[in-house]
Amino acid sequence: MGLRSKVFLYIGGILIVLFFVVYNVLSYLLINDFLALEKKETEQNLLRVNDALQAKIDELGVKISDWGQWDDTFVFVQDRNQEWIDSNTQNEGLEILSINILMVVDNEKQIVFKKYIDASGEDRDFPKGLEEYLVSHPEFLTHADSASEQHGVITVPEGQLVLAARAITSSDGGEAPAGTIIFAYFIGESLIEHLSNVTHLQVFYTPYEKIREKKDEAQALSVMTDNSTAFIPTLEENASSAVGYTLVSTLDNSPAGILRVEFPREIFMRGQNSLQLFSYVMLFLSILFIFVVISLLEILVIRRIIRLSKEVEKVGADQKRGGQVSLSGNDEFSRLAKKINEMLQMLHELETKRVESEKKFENIADSAPVMIVVMDKDANVRYINKLFLEYIGKTREEQIGAPLDASIHPEDLRMLKKGFGESLQTKQPMNVEFRIKDASGVYHWTLSRAIPNFDEEGNFSGFVASSVDITERRELEDKRQESFDEIERMNKIMVSRELKMIELKKEIEHLRGQSASLASKEE
């Protein structure tokens, strides 16, 4: 792979890794920030819906105040006149008031008047559940003063009601309460639509008895507690709407239902779009940066390095080793070229000295009366003198780079290798006698002294060995050993003869003793 390709791959790879690291870190940080903003917006929207609902409930309290503190109503609860009923309880009037239920009760808790219309404005049977609720909750019908009023959400078997109850008194409020007037309406589509229109949000209501039928609402109810009446679930990244839940409580703080609020995830979507735009900009800048950096490297570095490399190759191809690197300029590369020239000059001088030294060594070694060989750490021949080559009958080209194993007697080869290993461990010279085959194929005994060589760092680099032919000496030693063996054999024979003579004398003496004993007995 060329330098240009490596530079492109390295810089491109680093920038790609950096791009993904920065993108992921920023994505994590920014998305979390946008999620936090979205959560805050959801909390604010839940508060808006709660405020809108409470405002609607309070509005009912304001309406009933006008009817409760009114002479006409004060008189009606006492005399039950038909005129009040005809004038004030028309279905259209109740629809204008946005109520479904109108109820008047006297101080004896007896119902003076009651009426219920449905969402379409038609008369319907009065909810018995409300009557039973008021019986079990007398606090709505009992008043400490003429300004007594309560409003909120209650639950009856027919559903959830927004209810307001107020004491009936005179217009100036000076009379004692004569009874109770009640306004109420069911929490239904009209109220939820009103909340959606006021808050500009999508609002959905689920009554308490139906919460278990909906998985999300049931989860929200299980999370919400007395101290936390709102729940914001964790959304999937591809969700298009943000969602929040808020609990609707009755006057006695029991759950009446759950409001679900939905709105577009504009903040999160803008965050994602911004992050995507940032990634495109960063990618474009990264590509531009790579192009600029590579262009500068190409002009300022790579071209000069390639030219310097070609100059060095040109000098390396010069067999005379006297070439010089030529590179113009006054930068680091031109200074490097000067240093290379100085080094080349030094190497040329050292090479010249080495060649002269090797030539002198070869002249001395070739004129030496002993066989000399230089081996590397693998026992391959690096140098062998002329006498040794003539002795084994090989040319220098045949032997250089090859071991001497083919010329050494097989029985002595293993012993030699073991001796070399011991010499290498002890770092001491080795003297060894072994047989080597001459040019005619006859094995001769040689005495060799091998010295291990080590470089400046103490690493083994090979052996230098000198050898002489000791075949005649070995033959004389063998003949002398044969004479010694013959003398030893004769000595053993003579000793054995003497021992036998001694045993024979002892036997003769024993026989003489026995003869003398027999002669004495005969006498």
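Everything discussed here concerns the structure shown above.
To keep things clear, this report deals only with the structure shown in the data block.

Analysis parameters
Residues numbered from 1 in each chain as written. Predicted model: local features only at pLDDT ≥ 70, side-chain atom pairs only at ≥ 80, totals over all residues. Heavy atoms only, no water. Pairing = 2+ DSSP bridges. Helix = DSSP H or I, 4+ residues; strand = E, 2+ residues; numbered from the N terminus. Axes fitted to C-alpha atoms, helices over the stretch in contact; angles between N-to-C directions. Contact = heavy atoms within 4.5 Å. Buried < 20%, exposed > 50% of the residue type's maximum accessible area, 1.4 Å probe, protein only. Patch = residues over 30% accessible without salt bridge, like charges linked within 9 Å, V, L, I, M, F, W, Y side chains within 5 Å. Areas by Shrake-Rupley, 256 points an atom, 1.4 Å probe, with all protein chains shown as cover. Salt bridge = Lys/Arg side-chain N within 4 Å of Asp/Glu carboxyl O. Lys, Arg positive; Asp, Glu negative; His and termini not counted. Charge placed at Lys NZ, Arg CZ, Asp CG, Glu CD. Expected span 1.5 Å × (residues − 1). Bend = angle between axes of the 7 residues up to and from the residue. Core = buried A, V, L, I, M, F, W, Y, C linked by side-chain atoms within 4.5 Å. Parallel < 35°, antiparallel > 145°, perpendicular 65-115°, else oblique. Left-handed = near helix turned anticlockwise from the far one by under 90°. Nonpolar A, V, L, I, M, F, W, Y, C, P; charged D, E, K, R; others polar.

Another point: the sheet that holds strand S13 (residues 443–454). Paired through backbone hydrogen bonds, the strands of a sheet run either parallel or antiparallel to each other. If you trace the five strands from one edge of the open sheet to the other, you get S11-S10-S14-S13-S12, paired in antiparallel fashion. Edge positions in the open sheet fall to strand S11 (381–384) and strand S12 (430–437), since each of these has one partner strand only. Across the sheet, the axes of successive neighbouring strands diverge by a mean angle of 25 degrees, strand direction being ignored. As defined by bridge partners, S12 adjoins S13 across eight bridges and the pair is classed as antiparallel. Counted as the bridge partner of methionine 430 is alanine 450 from S13. Sitting on the sheet, helix H9 (residues 332–367) is in contact with strand S10 (371–376) and S11, with an inclination near 65 degrees to S11. On top of the sheet, helix H12 (residues 410–426) reaches S10, S12, S13 and strand S14 (460–469); it is set at about 155 degrees to S12, its chief contact.

To continue, consider the pairing of strand S8 (residues 241–249). Most of S8 sits inside the fold, with seven of its nine residues counted as buried. Here strand S7 (residues 230–231) pairs with S8 via two bridges, running antiparallel. Each bridged residue has a counterpart across the sheet, and for alanine 230 the counterpart in S8 is threonine 246. Here S8 runs beside strand S9 (residues 255–264); their pairing, made up of nine bridges, is antiparallel. Note that in S9 the partner of valine 248 across the bridge is glycine 257.

Our focus in this paragraph is a negative patch on the surface. On the surface, a cluster of negative charge is made up of Asp469, Glu472, Glu475, Asp478, Glu482, Asp485 and Glu488. No other element matches helix H13 (residues 471–522), which puts six residues into the negative patch. Take aspartate 469: it is sitting in strand S14. Looking at aspartate 469, the relative accessible area reads 38%, which means it is partly exposed.

Helix length check: helix H8 (residues 266–316), at 51 residues, gives a terminal C-alpha distance of 69 Å against a target of 75 Å (1.5 Å per residue), a fit within 8%. At glutamate 298, H8 shows its largest kink, close to 50 degrees.

On to the pairing of strand S1 (residues 101–106). Most of S1 is tucked away, with six of its six residues classed as buried. A two-sided burial pattern is seen for S1, the buried positions comprising Ile101, Met103 and Val105 on one face and Leu102, Val104 and Asp106 on the other. As defined by bridge partners, S1 adjoins strand S2 (residues 111–116) across five bridges and the pair is classed as antiparallel. When the bridges of S2 are listed, leucine 102 appears paired with lysine 115. Two successive antiparallel strands, S1 and S2, enclose a turn made up of four residues, where lysine 109 displays a positive phi of approximately 65 degrees. Looking at chain direction, S1 and strand S5 (residues 179–186) are connected through six bridges and run antiparallel. Its bridge partner lying in S5, methionine 103 is registered against isoleucine 182.

In total, this model carries 15 salt bridges according to the counting rule given. Taking the shortest distance from any N to any O, the salt bridge between arginine 265 and glutamate 38 comes out at 2.7 Å. Here arginine 265, found in the loop between S9 and H8, pairs with glutamate 38, found in helix H1 (residues 3–68); they are 227 residues apart in sequence, far enough to count as distant. The pair formed by arginine 265 and glutamate 38 is uniform in burial state, with each residue classed as buried. For lysine 63, the salt bridge is made with glutamate 59, and the minimal N-O distance between the two is 3.4 Å. Here lysine 63 and its partner glutamate 59 are both found in helix H1, four residues apart, which amounts to about one turn of the helix. A network of salt bridges, in which partner residues are shared, links Asp216, Glu217, Arg260 and Glu262.

Moving on: the nonpolar core. In this structure, Val104, Val162, Ile181, Phe183 and Leu259 are the most contacted members of the largest nonpolar core, which totals 42 residues. For this core, the element with the highest residue contribution is H1, accounting for eight residues. Setting aside its immediate chain neighbours within four residues, valine 162 contacts Ile57, Leu60, Gly152, Val153, Phe183, Ala184, Tyr185, Ile187 and Leu191. The next biggest cluster of nonpolar side chains, apart from the first, holds 21 residues, and it includes Val373, Leu389, Phe434 and Ile436.

As a further point, take unusual backbone geometry. The residue arginine 80 is not glycine, and still its phi comes out positive at about 55 degrees. Mapped onto the fold, arginine 80 is located in the loop between helix H2 (71–79) and helix H3 (82–88). Of the residues examined, arginine 80 reaches a relative accessible area of 41% and is grouped as partly exposed. We note that asparagine 253 has phi near 65 degrees; this positive angle belongs to a residue other than glycine. Residue placement: asparagine 253 occurs in the loop between S8 and S9.

In this structure, leucine 94 sits in helix H4 (residues 91–97). Using a relative accessible area of 1% as the deciding quantity, one classes leucine 94 as buried. With 23 residues separating them along the chain, leucine 94 and isoleucine 117 place their C-alpha atoms 8.2 Å apart. Setting aside chain neighbours within four positions, we find leucine 94 in contact with Ile99, Leu102, Lys115 and Ile117.

What follows deals with the sheet that holds S2. Judged by pairing direction, the sheet is antiparallel, and its five strands sit side by side in the order S2-S1-S5-S4-S3 without closing on themselves. The open sheet has two free edges, formed respectively by S2 and strand S3 (149–156), since each of these has just one partner strand. In this sheet, adjacent strand axes meet at a mean angle of 20 degrees when their direction is disregarded. Sheet topology note: the S3/strand S4 (residues 159–168) ladder contains eight bridges and is antiparallel. Within S4, the position partnered with glutamate 149 by the bridge is arginine 166. Docked against the sheet, H2 engages S1, S2, S4 and S5, running at close to 60 degrees with respect to S1. The strands that helix H5 (residues 128–136) touches are S1, S2, S3, S4 and S5; relative to S3, the one it contacts most, it runs at about 125 degrees.

With that settled, consider the packing of H8 against H9. One can describe the packing of H8 onto H9 by two numbers: an axis separation of 11 Å at closest approach and a directional angle of 15 degrees. In terms of their interaxial angle, H8 and H9 are classed as roughly parallel. Of the two elements, H8 crosses H9, and the hand of that crossing is right-handed. Touching Leu300, Val301, Arg304, Ile305, Leu308, Val312 and Val315 of H8 are Phe333, Ser334, Leu336, Ala337, Ile340 and Leu344, all from H9. Per-class residue counts for the contact of H8 with H9 are eleven nonpolar, one polar and one charged.

The quantities given are spatial measurements derived from coordinates; they are silent on function.
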